[in-house]
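Survey of secondary and tertiary structure
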Amino acid sequence: MMQAKLLDVRDVTKSFGGIQALGGVSFDVYQGEILGLIGPNGAGKSTLFNVISGLIPVTSGDIVLGGTSLVGLRCDRICELGAVRTFQSASLLIGMTVWDNVHVASLFRPREHYARESAADCTARAIAFAGLQDRVNAVAETLTVGEQKRVELARAMASAPRLLMTDEILAGLNSTDSQGILDMLVQLKDQGMSIIFVEHDVRSVMRISDRVVVIAQGRKLAEGAPQEVARSPEVIKVYLGGRYAQNH
Ligand SMILES: Nc1ncnc2c1ncn2[C@@H]1O[C@H](COP(=O)(O)OP(=O)(O)O)[C@@H](O)[C@H]1O
Ligand SMILES: [Mg+2]
């Protein structure tokens, strides 16, 4: 069965003064898939999320979500259209409770969602999904790292995304907390969500991704099924090295 294309990243470049962080990157994301995005530090992964989510403008190229170009749109509008990201370093609102952190995000869900569910119901659903029911009244800075990452995910869910972009959401987590997050991502995919999964832990990427894109120095190095990409001599040379043995 042909999957429907959700996101079209077309020849995107991004320069910061003399530094070209993205040098013409193209790829698609289909509905209901997890696309793993890996590459060395400084490859441009976070920059890619920044331009897709409208935090910073592209230098050139196009980004199309469900037929609508996101280029030039404000980030709150892009969020309403369904492209939602989490941040590499915690972005929780300090001094505010888990409930308030998630509730704020629910205000950026698509308009058509408003009629279906109240902001409070949406907030409660996202908090329950992330297993944070017992922590609703906890203030952000009192949470463990694992709980903070789950709030990040709940915030993203509260915006009712079509495309979820997670930026190193497993960083700093123990294996139990990591597994919990991975289970949640797979559950979302099974519900039809599309996910771009940026992660340093290659084993997790290879395990849950349907396809993998590798970028290095702002350019796409490889794209394909996890096992195919893991065997690519160039990917092994530039990024994987011995970190991910072929027999996994
Ligand atoms: N706001 C910025 N201003 C200047 N340079 C930046 C900015 N954001 C990222 N860069 C540069 O762009 C490159 C890609 O960075 P980044 O996207 O953070 O990589 P990754 O997330 O893959 O580690 C790096 O060289 C980084 O220093
Ligand atoms: Mg990054």
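Residues numbered from 1 in each chain as written. Chains lettered and ligands numbered in written order. Predicted model: local features only at pLDDT ≥ 70, side-chain atom pairs only at ≥ 80, totals over all residues. Heavy atoms only, no water.

**Regarding the packing of helix 6 (residues 145-158) against helix 7 (residues 175-190)**
Here helix 6 crosses helix 7 at 15°, and the two axes come no closer than 10 Å. Accordingly, the angle class assigned to the pair helix 6 and helix 7 is roughly parallel. The hand of the helix 6/helix 7 crossing is right-handed. In this structure, helix 6 uses G146, K149, R150, L153 and M157 to contact helix 7, whose residues at the interface are D177, I181, M184, L185 and L188. Of the residues belonging to the contact of helix 6 with helix 7, the class tally is six nonpolar, one polar and three charged. (Axes fitted to C-alpha atoms, helices over the stretch in contact; angles between N-to-C directions. Helix = DSSP H or I, 4+ residues; strand = E, 2+ residues; numbered from the N terminus. Parallel < 35°, antiparallel > 145°, perpendicular 65-115°, else oblique. Left-handed = near helix turned anticlockwise from the far one by under 90°. Contact = heavy atoms within 4.5 Å. Nonpolar A, V, L, I, M, F, W, Y, C, P; charged D, E, K, R; others polar.)

**Digging into the domain arrangement of the protein**
Assigned domains within the protein: domain 1 (5-82 + 161-247) and domain 2 (92-160). When each unit is reduced to the centre of its C-alpha atoms, the spacing between domain 1 and domain 2 is 23 Å. The interface is formed by 19 residues belonging to domain 1 together with 15 residues belonging to domain 2. Interface of domain 1 and domain 2: buried area, both sides summed, is about 1,400 Å²; carbon and sulfur atoms make up 72% of it. Among the residues of domain 1 in contact with domain 2, E80, P161 and M184 are the three that bury the most area, contributing 40% of the side total. Counting every contact that joins domain 1 to domain 2 gives one salt bridge. In this structure, E80 and R111 form a salt bridge, with 3.1 Å as the shortest nitrogen-oxygen distance. (Domains from an automatic or database assignment. Buried area = accessible area lost by both parts, 1.4 Å probe. Salt bridge = Lys/Arg side-chain N within 4 Å of Asp/Glu carboxyl O.)

**Topic: the pairing of strand 4 (residues 60-65)**
When strand 1 (residues 5-16) meets strand 4, the two strands line up antiparallel, connected through five bridges. Its bridge partner lying in strand 4, D8 is registered against V64. Relative to strand 5 (residues 68-69), strand 4 is paired through two bridges, and the arrangement is antiparallel. Counterpart to V64 in the pairing with strand 5 is S69. Two successive antiparallel strands, strand 4 and strand 5, enclose a turn made up of two residues, where G66 displays a positive phi of approximately 50°. (Pairing = 2+ DSSP bridges.)

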